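Fold and contact review
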Amino acid sequence: MKKILVEHSPSPMKLDVMQVDDWDIWERGISSFVWQYDDTETCYLLEGEALVTDDDGENVVIREGDLVTFLSGLTATWDI
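All of the points below concern the structure found in this document. The structure presented is a predicted model; accordingly, all values stated were derived computationally and were not measured.

Attention now moves to the overall build of the chain. Helix and strand counts for the chain stand at one helix and seven strands. Ordered by position from the N terminus, the helices and strands of the chain form the series β-α-β-β-β-β-β-β. For 80 residues, the compact-globule formula gives about 12 Å, and the C-alpha radius of gyration of the chain, at 12 Å, lands near that figure. C-alpha atoms of the chain, sized along the principal axes, occupy 35 × 30 × 20 Å. Residue burial in the chain is summarised as follows: out of 80 residues, 29% are buried. Excluding contacts between residues fewer than 6 apart, the proportion of contacts in the chain whose partners are at least 24 apart in sequence is 67%. Counting only carbon and sulfur atoms, one obtains 50% of the accessible surface of the chain, whose full area is about 5,600 Å². The distance from the centre of the 5 positive side-chain charges to the centre of the 18 negative ones in the chain is 7 Å.

With that out of the way, let us pick up the sheet that holds strand β1 (residues 4-8). Ordered by their spatial adjacency, three strands build an open sheet running β1-β6-β3, and the pairing between neighbours is antiparallel. Either end of the sheet is taken by a strand with one partner, and the two such strands are β1 and β3 (41-44). Neighbouring strand axes in the sheet, compared pairwise and without regard to direction, differ in orientation by 15 degrees on average.

This part is about the pattern of salt bridges. Oppositely charged side chains may form a pair once their charged atoms are brought near each other. In the structure shown here, the tally under the stated rule is five salt bridges. For Lys 2, the salt bridge identified is with Glu 58, shortest N-O distance 3.6 Å. Of this pair, Lys 2 sits in the segment before β1 while Glu 58 sits in the loop between β4 (49-54) and β5 (59-63), placing them 56 residues apart in sequence. On the accessibility criterion, Glu 58 (30% relative accessible area) is partly exposed. The closest approach of N and O atoms between Lys 14 and Glu 7, which form a salt bridge, is 2.5 Å. We classify Lys 14 as partly exposed; its relative accessible area is 33%. Under the relative-accessibility criterion, Glu 7 is labelled partly exposed at 30%. Here the salt bridges share partners, and the residues they tie into one network are Lys 3, Asp 55 and Asp 56.

Conventions used here
- Residues numbered from 1 in each chain as written.
- Predicted model: local features only at pLDDT ≥ 70, side-chain atom pairs only at ≥ 80, totals over all residues.
- Heavy atoms only, no water.
- Helix = DSSP H or I, 4+ residues; strand = E, 2+ residues; numbered from the N terminus.
- Rg over C-alpha atoms; globule rule 2.2 N^0.38 Å.
- Buried < 20%, exposed > 50% of the residue type's maximum accessible area, 1.4 Å probe, protein only.
- Contact = heavy atoms within 4.5 Å.
- Areas by Shrake-Rupley, 256 points an atom, 1.4 Å probe, with all protein chains shown as cover.
- Lys, Arg positive; Asp, Glu negative; His and termini not counted.
- Charge placed at Lys NZ, Arg CZ, Asp CG, Glu CD.
- Pairing = 2+ DSSP bridges.
- Axes fitted to C-alpha atoms, helices over the stretch in contact; angles between N-to-C directions.
- Salt bridge = Lys/Arg side-chain N within 4 Å of Asp/Glu carboxyl O.

Below, the structure is given as structure tokens:
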């Protein structure tokens, strides 16, 4: 089962309904780190690119314009 769900180029209407413009902005420079998700989290990438590897070894590349959901219980390694 996929633990990282990516929607490339979601519609502006969907982003409006989700109120993405009101979300906090998280920034991180070039780095590698492990992150554990205790709750399901969704993010929208404004810029950049990252390789995210889940705890089963599945690699997912996420880029500017992607709407990404990380499922609860996931431990992932981020390479930005």
